[in-house]
Amino acid sequence: MLDRLLGQEPRQRIRLLRTSIAMLLMGASAAGVLYLAWAGVTPRAQALWWTLLTLGSFIGFFALIRSGLNRRFADPSLTVAQMVVALLSSVWAYAIVGPGRGAVFPTPIVVLMFGMYSLRPRTVQRLAWLAIALFGATMTTMALRDPAVYAPRIEVVHFFVLSVMLLAVGTLAGQLSRLRQRLRSQKAELVKALERIQDLATRDELTGLINRRSMQEVLQLEHQRCVRSGHPFCVVMVDLDHFKHINDTLGHAAGDAVLRAFAAEARAVIRVSDVLGRWGGEEFLLLMTDTRGWLARQGVERLRERVAALHPAVGASSLQLTLSAGLAEHRAGEPLADTIARADQAVYAAKAQGRNRVVLM
């Protein structure tokens, strides 16, 4: 029942709940106005028109939000519009209830409190001044038209007290709104910081690839999937040739540039389903899913050829970059550590055979 009334979209539900609270507030005010009409204090015709237009306006706001048409506006909550209508309704009630007008004073104060949820402090303060202007104009008009009921000396006191209260509430609501915005900003910064920490914990900052710990988790998940489904996968250990010589002769900045260049090229070559991570130093580990060793070797050969054709710029010169790769297809029932060890042994075999090659073991 509640889902039918408010829907299931979280933000829309919050907007509808706020509008429902406003409707209850105005409904309570309407009950008071109708009681004064029943008691003979307020003209019945005016009380009925006030009730119909006031409640009809807020029912219209509720229907507009429930239909989703509110999303077309800059403020989907229609907060300012609802507050303005509520203030206009309050001054109208003040003008028609005569001796019972003191009961109207809490309404504009509560209306301003709604602004703290979504409005900027300056907007809340402007609405406070609008309320003061509306009530000031209404009090002046009624004091001139019906001084017997709206005695000017009493209206001056009413205006002074209401103005002070509205300014105070407007200021407090503005401060609360400012605090809410600050908390929202701090929350957004905290979320970004947590994402950054998570990223640093799972990714290698230099290359942007996942780090060794994350790669081990990915391998474990793939191993479990293989046990359940029987689908094959391959592990490839990649080692950049003569990387120590690059660091020793050209410096670590040059080595970092080479690592970044290789990572960028490898990401462009491997399949979307494959995962590449930095294993340590100049070593990288590539997980190739749902593939046999002979077929995986073709993919690694393409990577080797692309890297051999790559000449990363280091300073004023460029380097010839090659890699040695060891490939191992996971065997059914084999521990994952043994598959990785075979791939590592295959890398040593590739280097022993002259580097710049792929060895399947």
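In short, a report on the structure. (Residues numbered from 1 in each chain as written. Predicted model: local features only at pLDDT ≥ 70, side-chain atom pairs only at ≥ 80, totals over all residues. Heavy atoms only, no water.)

Focus: the pattern of salt bridges
- Counted under the stated rule, the structure contains 13 salt bridges.
- As a salt-bridge pair, arginine 225 and aspartate 290 come within 3.0 Å of each other at their nearest N and O atoms. Of this pair, arginine 225 sits in helix 8 (residues 212–229) while aspartate 290 sits in the loop between strand 3 (283–289) and helix 11 (293–308), placing them 65 residues apart in sequence.
- By relative accessible area, which is 25% here, arginine 225 ends up partly exposed. (Salt bridge = Lys/Arg side-chain N within 4 Å of Asp/Glu carboxyl O. Helix = DSSP H or I, 4+ residues; strand = E, 2+ residues; numbered from the N terminus. Buried < 20%, exposed > 50% of the residue type's maximum accessible area, 1.4 Å probe, protein only.)

Examining the environment of alanine 93
- By the element assignment, alanine 93 lies in helix 4 (residues 79–96).
- When its relative accessible area of 5% is taken as the criterion, alanine 93 is described as buried.
- Note: C-alpha distance between alanine 93 and threonine 51 (42 residues apart in sequence) is 9.5 Å.
- Those residues in contact with alanine 93 that lie beyond four places of it in its chain are Trp50 and Val104. (Contact = heavy atoms within 4.5 Å.)

Quick word on the layout of surface pockets
- Counted as a void, the largest pocket has a volume near 310 Å³.
- Along its surface, the largest pocket is lined by 12 residues, and Arg15, Arg18, Ser77, Ser118 and Arg184 are the ones closest to its centre.
- Counting only elements with at least two residues in the lining of the largest pocket, the list comes to helix 2 (10–38) and helix 7 (152–202). (1 Å grid on protein atoms, 1.4 Å probe; cavity = no way out; pocket = protein on both sides within 12 Å on 5 of 7 lines; lining within 4 Å. Points joined across faces, edges and corners; volume = space filled by probe spheres on them.)

Remarks on empty space enclosed by the protein
- Following the criterion strictly, the structure yields one cavity of 30 Å³ or more and no others.
- The computed volume of the largest cavity comes to approximately 180 Å³.
- Ala22, Thr79, Gln82, Met83 and Phe114 are, among the 16 residues lining the largest cavity, the residues nearest its centre.
- At six residues, helix 2 tops the list of elements feeding residues into the lining of the largest cavity.
- For the lining of the largest cavity, a count of residues per class yields nine nonpolar, five polar and two charged. (Nonpolar A, V, L, I, M, F, W, Y, C, P; charged D, E, K, R; others polar.)

What to know about a nonpolar patch on the surface
- Taken together, the side chains of Val157, Phe160, Val161, Val164 and Met165 make up a nonpolar region of the molecular surface, amounting to roughly 440 Å² of accessible area.
- If you trace the backbone, valine 164 turns up in helix 7.
- Judged by relative accessible area, valine 164 falls into the partly exposed class, the value being 44%. (Patch = residues over 30% accessible without salt bridge, like charges linked within 9 Å, V, L, I, M, F, W, Y side chains within 5 Å. Areas by Shrake-Rupley, 256 points an atom, 1.4 Å probe, with all protein chains shown as cover.)

Any link to function would need more than the numbers given here.
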